[in-house]
Amino acid sequence: MALWGMAMAANGDVWVHRPVARARALADRAVALRYRLSRQGKSLTARENAYLDGFVRLQRTGGTRAGRRAWLDSLREVGRGHPEDREAKAFLAFALLKNDHLYKPDGSSYLTRPSAAFLREGDGLVDRVLAEQPDHPAHHYKIHIWDYHEPERARGSTDPIGPSEPRIAHMWHMAGH
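Residues numbered from 1 in each chain as written. Predicted model: local features only at pLDDT ≥ 70, side-chain atom pairs only at ≥ 80, totals over all residues. Heavy atoms only, no water.

Enquirer: Summarise the overall build of the chain; cite the residues concerned and give the values.
Expert: Assigned secondary structure in the chain consists of 10 helices and zero strands. Starting at the N terminus and walking to the C terminus, you meet the elements of the chain as α-α-α-α-α-α-α-α-α-α. A fraction of 55% describes how many contacts in the chain between residues 6 or more apart in sequence connect residues 24 or more apart. Entry remark: accessible area of the chain is about 9,400 Å², with carbon and sulfur atoms responsible for 54%. (Helix = DSSP H or I, 4+ residues; strand = E, 2+ residues; numbered from the N terminus. Contact = heavy atoms within 4.5 Å. Areas by Shrake-Rupley, 256 points an atom, 1.4 Å probe, with all protein chains shown as cover.)

Enquirer: Describe the nonpolar core, and please don't skip the residues or the numbers.
Expert: The biggest cluster of nonpolar side chains holds 41 residues, and the ones touching the most others in it are Y51, F55, W71 and V126. Secondary structure elements with two or more residues in this core: α1 (2–11), α2 (21–39), α3 (46–60), α4 (65–81), α5 (86–99), α6 (116–132) and α7 (139–146). Discounting residues that sit within four places of it in the chain, V126 has contacts with A93, A138, Y141, K142 and I145. (Core = buried A, V, L, I, M, F, W, Y, C linked by side-chain atoms within 4.5 Å. Buried < 20%, exposed > 50% of the residue type's maximum accessible area, 1.4 Å probe, protein only.)

Enquirer: Give a detailed account of the pattern of salt bridges, specifying residues and quantitative values.
Expert: What the rule picks out here adds up to 10 salt bridges. For R153, the salt bridge goes to E150, with nearest N and O atoms at 3.5 Å. Its relative accessible area of 40% is what places R153 among the partly exposed residues. A network of salt bridges, in which partner residues are shared, links D123, D127, K142, E150 and R153. (Salt bridge = Lys/Arg side-chain N within 4 Å of Asp/Glu carboxyl O.)

Enquirer: Explain the side chain of K142 residue by residue, including any values.
Expert: Secondary-structure assignment places K142 in helix α7. In this structure the side chain of K142 is engaged in a polar contact, spanning 2.5 Å, whose partner is the side chain of D123. (Polar contact = N/O pair within 3.5 Å; in protein donor to acceptor, adjacent residues only side chain to side chain.)

Enquirer: I'd like a rundown of the environment of R57, residues and numbers included.
Expert: For R57, the position within the fold is in helix α3. Ignoring anything within four residues of it in the chain, the contact list for R57 reads G67, A70 and S74.

Enquirer: With reference to specific residues and values, describe the packing of aromatic side chains.
Expert: One pass over the full model with this rule turns up one aromatic pair. Consider the rings of F94 and Y141, whose centres lie 4.8 Å apart with planes at 25°: the pair is stacked. Of this pair, F94 sits in helix α5 while Y141 sits in helix α7, and the two are 47 residues apart along the sequence. Judged by relative accessible area, F94 falls into the buried class, the value being 15%. (Phe/Tyr/Trp six-rings, centres within 6.5 Å; stacked < 30°, edge-to-face > 60°.)

Worth remembering: the numbers are spatial, not functional.
Here it is, written out as structure tokens:
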């Protein structure tokens, strides 16, 4: 999972930019490590495999629609199999926010509004995360979910967002959305 996390960080914004070579190399290292472990009779958990497999598909497809859908599906799989995984809910909420509207055939702007169904599902996931951990940085997603459509629905996240990650200036800025 450490290699997966490093690959995620190296990739930058999974939803806006094309996968970068460093992220793909780290994802490939994680797959190689999984293989070496299996030869030793060890294995990753089903949850770890779902996270890794989805990200690897995203990387190997060059960030295409199919790869992003695979990533979304892997997060759904983690959520179904591990309802206690708060971070899977948060990642899925963000994926729903970004996944639906990046696929214009002409590759145009990602700032278009996602579908209402994805907004509602993402908002419900964020609400569950915040019910479990009120100071979770998922307030960021809540604000972006409703940025361009019913922004008043995000008002409950404007006060707690800065303190949720006090050393990240962007989180303090988010209340201004």
